[in-house]
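The residues making up each chain are set out below.
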Amino acid sequence: MRTLTRRMLWTLLLLLAVDIAVVATAAVLLTPWLSPVRDAVAASLPFGGASARIAWWVAVLTPALVAFVWAQLRYTSAQTMAEVDARIVGPDEYPDLHERVQRLAQLADLTPPRIAVADADVPNSFAIGTLGGATVVVSEGLLSTLDGDELDAVLAHELMHVANRDATVMTLASFLPSLTNGEYDPIADLLPGGSRHALGLVALGLAYVFSARVLEAPFGSLSFTLGFLFLFAVTVLFGGVALGVFTAPVVVLGRSLSRAREFAADRSAAQLTGDPAALVGALKTLDGDDDRPGTDKRFAYAGVRGLCFLPHGFDTAASSDSSSIETRSHPPTAERIERLQSVARSLETGP
C-alpha cells in the first residue's frame, strides 16, 4: 500500500505540474490576443512594473488552473460513461447489485458510490472518481457472467479503487493522453457541428482584430493578414508540440500507477471479503486462457480500457481484435492470481 500511495503522490504532483505548464503555455501563446485585457488590468492596479506583471499572471493562472482540473475530471468522467453507454441506475432497477455494493461499502467504511450499468455483453467493470464522488460501472455481461462471491469480489475490487483514491487520480491522468491521441475532442463533444464552426469563426475574427496590438503592418492589409496567419500557425504548431511533450511523463507515471493500483485493489478486496479464492475465480472466469498478445502502439492506459478490471474494455470488437487491447496498463492475470494466492496463504496462517 505504501508503494501505491507513493506512486499516487508522485503522479498527482506531476499532473498538477503538467496542468500548470499547459495553462501557462496557453497563456503565453495567447498573449498577443490577450494584451488588451492585460493592459486594462494593469491600468486598474495601484502599482506597476514587475508587480503588475506578476499580479496579471496570478490572476490568469490561478482560476484557469482550477477550472482546467475541474473540467478534466467532469469531462473525462462524462466521456468515459458515454463511451461505454453506461447510465446511473437505482436500487429499484438493480436491487441485488445495490445491496451488494451497499454491504461491501459498509464493510469498508466507505460512502457508497453511484452505480452505473453499461449496455455491453463483455464482462468488465471500472471505477471513476471526481471531486464530487465516485461511480462504479459494471456491464450487463459481468452481471450475467458472475454471481455470488465472485461478483462480490469484483465489486470489492472496484470499491478499493474508490477507497484508495486512485480512481480519481487515474480519471485525471486519462485526460491528456486521450486528448493527445485523438480519443477526446472536447470542443466537438460539447458543441454541435454548426455551432462549433460559428464559434471558430468568431474566435478567429477576434484574434485577427486583437493581433493589431502586436503587428506593425496596417490593419487589414495583405502584410497584416500574412503576419496574422503566420502568428496563428506558429501558435497552433507550438501548442500541439508542447501538448505532446507534456503528455509523455504523464503516460510513464500513469502506466506505473495503473499496474500498482491493480495489485493493491486485488489485495485490499481479498482482505475485505476474506475470500481471495473468489477473486481468483472471477479472474479465471473472465480472462480464461486468453492468449491475446500484450502489445499496443497507443498510450498504455488512456481511455476506458486502462481503468477496467480487465484491460479489454467493454467493446466486443476490441476484445477480439488484439491490435486494440491495451494490456500494458494491467499486470498479467497470472501474476495477479499468484499474488492473490499469496494473500490467501497469509490469511490462513495469520499475521
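Everything quoted here is computed from the prediction, not taken from an experiment.

Reading the values: the criteria
- Residues numbered from 1 in each chain as written.
- Predicted model: local features only at pLDDT ≥ 70, side-chain atom pairs only at ≥ 80, totals over all residues.
- Heavy atoms only, no water.
- Helix = DSSP H or I, 4+ residues; strand = E, 2+ residues; numbered from the N terminus.
- Buried < 20%, exposed > 50% of the residue type's maximum accessible area, 1.4 Å probe, protein only.
- Contact = heavy atoms within 4.5 Å.
- Areas by Shrake-Rupley, 256 points an atom, 1.4 Å probe, with all protein chains shown as cover.
- Core = buried A, V, L, I, M, F, W, Y, C linked by side-chain atoms within 4.5 Å.
- Patch = residues over 30% accessible without salt bridge, like charges linked within 9 Å, V, L, I, M, F, W, Y side chains within 5 Å.
- Salt bridge = Lys/Arg side-chain N within 4 Å of Asp/Glu carboxyl O.
- Expected span 1.5 Å × (residues − 1).
- Arc of directions from axis to C-beta.
- Axes fitted to C-alpha atoms, helices over the stretch in contact; angles between N-to-C directions.
- Parallel < 35°, antiparallel > 145°, perpendicular 65-115°, else oblique.
- Nonpolar A, V, L, I, M, F, W, Y, C, P; charged D, E, K, R; others polar.
- Polar contact = N/O pair within 3.5 Å; in protein donor to acceptor, adjacent residues only side chain to side chain.
- UniProt positions renumbered as here; feature names shortened; annotations may be inferred.
- Left-handed = near helix turned anticlockwise from the far one by under 90°.

Trainee: Explain the overall build of the protein chain here, please?
Mentor: Helix and strand counts for the protein chain come out as 14 helices and four strands. Every one of the 351 residues in the protein chain was classed for burial, and the buried ones make up 44%. Considering only residue pairs separated by 6 or more positions, the protein chain has 73% of its internal contacts joining residues 24 or more positions apart. A total accessible area of about 17300 Å² is found for the protein chain, and carbon and sulfur atoms account for 63% of it.

Trainee: Explanation requested: the nonpolar core in the structure shown.
Mentor: Note that soluble globular proteins tend to have their nonpolar side chains buried in a common cluster. Counting 39 residues, the largest nonpolar core has Leu 97, Val 138, Leu 142, Leu 146, Leu 155, Leu 159 and Phe 309 as the members making the most contacts within it. Those elements that provide at least two residues to this core are helix 4 (95-107), strand 2 (114-118), strand 4 (133-139), helix 6 (148-163), helix 11 (222-273), helix 12 (276-287) and helix 14 (333-349). Those residues in contact with Leu 97 that sit more than four places away from it in its chain are Ile 115, Val 117, Val 138, Leu 143 and Leu 155. Counting 37 residues, the second-largest nonpolar core is a separate cluster that includes Leu 4, Leu 14, Ala 116 and Val 304.

Trainee: Is there a simple way to explain a nonpolar patch on the surface in this structure?
Mentor: A cluster of nonpolar side chains, Val 202, Leu 206, Val 209, Phe 210 and Phe 219, forms an exposed patch at the surface whose accessible area comes to about 450 Å². Note on placement: Val 202 falls in helix 10 (residues 193-210). Judged by relative accessible area, Val 202 falls into the partly exposed class, the value being 49%.

Trainee: What is the right way to look at helix 11 in this model?
Mentor: An α-helix turns once every 3.6 residues. As a result, residues three or four positions apart point the same way. A rise of 1.5 Å per residue sets the reference length of helix 11, with its 52 residues, at 76 Å; its end C-alpha atoms lie 72 Å apart and thus fit the reference within 8%. Directly beyond the C-terminal end of helix 11, a positive phi value near 70° is found at Gly 274.

Trainee: Quick question: what am I supposed to make of helix 4 here?
Mentor: Here helix 4 spans 18 Å end to end across 13 residues, near enough to the 18 Å set by a 1.5 Å rise per residue. Residues of helix 4 that are buried include every one of Leu 97, His 98, Arg 100, Val 101, Leu 104 and Ala 105, and no others. All buried residues of helix 4 lie within an arc of 160° about the axis, which places them on one face of the element. Along helix 4, the residues that are exposed and aim more than 90 degrees away from the buried face are Pro 95, Gln 106 and Leu 107. Where helix 4 is buried, its residues touch strand 2, strand 4, helix 5 (140-145), helix 6 and helix 11. Directly beyond the C-terminal end of helix 4, a positive phi value near 55° is found at Asp 109.

Trainee: Looking at this structure, how should I read the packing of helix 6 against helix 12?
Mentor: Relative placement of two packed helices is described by the angle separating their axes and the distance separating the axes. The geometry of helix 6 relative to helix 12 is characterised by a closest axis approach of 8 Å and an angle of 90° between their N-to-C directions. In terms of orientation, helix 6 lies roughly perpendicular with respect to helix 12. Here Asp 149, Glu 150, Ala 153 and Val 154 of helix 6 come into contact with helix 12, specifically with Ala 278, Leu 279, Gly 281, Ala 282 and Thr 285. Grouping the amino acids of the contact of helix 6 with helix 12 by side-chain chemistry returns five nonpolar, two polar and two charged.

Trainee: It is not clear to me how the side chain of Gln 72 should be interpreted in this structure. Could you clarify?
Mentor: Counting through the fold element by element, Gln 72 comes out in helix 3 (residues 49-83). Separated by 3.0 Å, the side chains of Gln 72 and Asp 19 make a polar contact. Once you skip the residues sitting within four places of it in the chain, Gln 72 turns out to touch Asp 19, Leu 172 and Phe 175.

Trainee: What should I look at first to understand the UniProt feature "transmembrane region" (unreviewed entry) in the protein chain in this one?
Mentor: Mapped onto this numbering, the UniProt entry annotates "transmembrane region" (unreviewed entry) at residues 12-34, 54-73, 198-215 and 227-253. In the segment residues 54-73, helix accounts for 100% and strand for 0%; the C-alpha atoms at its two ends are 28 Å apart. For residues 227-253, the helix share is 100%, the strand share is 0%, and the end-to-end C-alpha distance is 40 Å.

Trainee: For this particular structure, what's the right way to read the pattern of salt bridges?
Mentor: Should their charged atoms come close, side chains of opposite charge can pair. Applying the stated criterion across every chain yields a total of ten salt bridges. The salt bridge involving Arg 103 is made with Asp 152; its shortest N-O contact spans 3.0 Å. One end of the pair, Arg 103, is in helix 4; the other, Asp 152, is in helix 6, with 49 residues separating them in the sequence. Close ionic contact of Arg 336 with Glu 262 constitutes a salt bridge, the shortest N to O distance being 3.7 Å. Note that Arg 336 is positioned in helix 14 and Glu 262 in helix 11, a separation of 74 residues in sequence. Note on Glu 262: relative accessible area 0%, which makes it buried. Three or more residues joined by partner-sharing salt bridges are found here, namely Asp 96, Glu 99, Arg 100, Arg 103 and Asp 152.

Trainee: What is the right way to look at the packing of helix 4 against helix 6 in this model?
Mentor: Between helix 4 and helix 6, the shortest axis-to-axis distance is 10 Å and the interhelical angle comes to 55°. Relative to helix 6, the element helix 4 is oriented oblique. Read as a crossing pair, helix 4 and helix 6 show a hand that is right-handed. Counted together, Leu 97, Arg 100, Val 101, Arg 103, Leu 104 and Ala 105 of helix 4 and Gly 148, Leu 151, Asp 152, Leu 155, Ala 156 and Leu 159 of helix 6 form the full contact between these two elements.

Trainee: What should I look at first to understand the environment of Ile 128 in this one?
Mentor: With respect to the helices, strands and loops of the structure, Ile 128 is situated in strand 3 (residues 125-130). Through-space distance from the C-alpha of Ile 128 to that of Pro 113 is 9.7 Å; in sequence the pair is 15 residues apart. Not counting residues within four places of it along the chain, the set of residues in contact with Ile 128 comprises Ser 77, Thr 80, Met 81, Gly 133, Ala 134, Thr 135, Ala 167, Thr 171 and Leu 307.

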